[in-house]
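Chain residues, written in single-letter form:
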Amino acid sequence: MTHVESDRASYYDDPLIYHVLHMHGTRAEARVFERLARRHATNAASGPLRWLEPASGTGRYLHALAQAGHSGVGVDMLAPMNAFAAAEAERLGLAARVRFITAPMERFNVRRAAFDVAINPINSVRHLMTDRALVDHLSCVRRALRSGGVYIVGVEVNPTGMAQPSEDVWKGRVAGLSVHQFVSYVPPEGRSRRETAMSHKTILIGRGAQRKERHIDSVYHLRTYTKSQWESLLQTAGWEVVACYGPTGRAKAFEPIGYCLQVLRPRST
Ligand SMILES: C[S@@+](CC[C@H](N)C(=O)[O-])C[C@H]1O[C@@H](n2cnc3c(N)ncnc32)[C@H](O)[C@@H]1O
């Protein structure tokens, strides 16, 4: 008989479960980042690049980039995420090319002017809940990028009051572990800019009579932006949008609604 457990936990508590849910498609996304970096960072048209990834999680993008010959540093505030990312790098024979440090992305120190490109896709910058935190974060990235470097950020914007409740389903499987996640996003009310995401994960571990079923519920918050709130913060922080792309790397305009990958560059002073 299947043994069933239910839990409440923080969203990123279990790196393996996060990894299983998000691994699929990572290499293709990393190829998109590489293409954009080659196009927009100066002196990056060929050869290995040095990548910085704030909010690097399980390190899946840096692993894929290292497998393509690059090197990089990941910064995540959760030590278990970094431990998982480092162990995975070791397992894949990439430990000499990537390293992971535990720090908040709004206050981290890496070597100055040492990176060709920084990446931060899938709305992770929206974990920063104040203008100050985003401006501080952009200052840290600016210090880390060499002259001519770019920052590729994936962010969704919505006109005030227009965001609708929405849902997402994620699935992933490795030997003996299958994960299904349902996330429901509730837009903020009134003047608040805190979107609430409620996740329910169903995890099947093992097979047959030994099988365990776990259910984990978590709640987390993301900061919302209108296009003009985002643009005016970039302006305050001294950055500009160079180009926008869809998740598969197709060029598009920066629309007032929806997700895009933005290529950002520090404005010259
Ligand atoms: C959606 S995950 C993205 C991970 C990775 N970039 C990927 O796409 O697989 C967001 C990550 O941001 C990290 N995070 C959230 N707030 C952070 C902060 N203030 N500073 C550093 N990391 C943060 C979490 O620990 C989590 O690993």
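Because the structure is predicted, anything quoted here is derived from the model rather than measured.

Colleague: What am I meant to see in the domain arrangement of the protein here?
Modeller: The parts lose accessible area when they come together, and the size of an interface is often stated as this lost area. Taken domain by domain, the protein consists of domain 1 (3-11 + 166-223) and domain 2 (15-158 + 225-266). Distance from the C-alpha centre of domain 1 to the C-alpha centre of domain 2: 24 Å. Residue-level contacts link 12 residues of domain 1 with 11 residues of domain 2. Mapped onto the side of domain 1 that touches domain 2, the elements with two or more residues apiece are strand S7 (166-174), strand S8 (177-186), strand S9 (194-205) and strand S10 (212-223).

Colleague: Can you help me understand the sheet that holds strand S1 (residues 3-8) in this one?
Modeller: In any sheet, the strands associate via hydrogen bonds between backbone groups, in a parallel or an antiparallel arrangement. Taking strand neighbours across the sheet as the criterion, the 5 strands line up as S1-S10-S9-S8-S7 in an open arrangement whose pairing is mixed. Since the sheet does not close on itself, it has two edges, and those belong to S1 and S7, each with one partner. Recorded for the sheet is a direction-independent mean angle of 15° between the axes of neighbouring strands. Relative to S10, S1 runs parallel, the two sharing 6 bridges. Looking at the pairing, His-3 lines up with Lys-212 of S10.

Colleague: How do you make sense of helix H3 (residues 60-67) when you look at a structure like this?
Modeller: Residue pairs three or four apart in sequence face the same way in an α-helix, which turns once every 3.6 residues. Buried residues dominate H3, accounting for 7 of its 8 residues. Among the residues making up H3, those that are buried are Arg-60, Tyr-61, Leu-62, His-63, Ala-64, Leu-65 and Ala-66.

Colleague: It is not clear to me how the site of the ligand should be interpreted in this structure. Could you clarify?
Modeller: Taken together, 19 residues form the shell around the ligand, and within it Ala-55, Gly-57, Met-77, Met-105 and His-127 come nearest. Each residue belonging to the shell around the ligand can be placed in one class, and the counts come to 10 nonpolar, 6 polar and 3 charged.

Colleague: Which parts of the structure should I look at to understand the pairing of strand S2 (residues 50-54)?
Modeller: Every other side chain in a regular strand lies on the same face of the sheet, so the side chains alternate between the two faces. Taking burial as the measure, the 5 residues of S2 include 5 buried ones, the bulk of the element. Side chains Arg-50, Leu-52 and Pro-54 of S2 all project onto a buried face; the interleaved residues Trp-51 and Glu-53 project onto the opposite face, where all are buried too. Alignment of S2 against strand S3 (residues 71-76), held across 5 bridges, turns out to be parallel. Paired with Trp-51 across the strands is Gly-72, a residue of S3. Assessed by its sense of winding, the connection that carries the chain from S2 through H3 to S3 is right-handed. The pairing of S2 with strand S5 (residues 115-120) spans 2 bridges and is parallel. The residue of S5 that forms the bridge with Leu-52 is Ala-118.

Rules behind the numbers
Residues numbered from 1 in each chain as written. Predicted model: local features only at pLDDT ≥ 70, side-chain atom pairs only at ≥ 80, totals over all residues. Domains from an automatic or database assignment. Contact = placed C-beta atoms within 7 Å. Helix = DSSP H or I, 4+ residues; strand = E, 2+ residues; numbered from the N terminus. Pairing = 2+ DSSP bridges. Axes fitted to C-alpha atoms, helices over the stretch in contact; angles between N-to-C directions. Buried ≥ 20, exposed ≤ 12 C-beta atoms within 10 Å, placed from the backbone. Near = placed C-beta within 6 Å. Nonpolar A, V, L, I, M, F, W, Y, C, P; charged D, E, K, R; others polar. Right-handed = clockwise from strand over helix to strand, strands pointing away.

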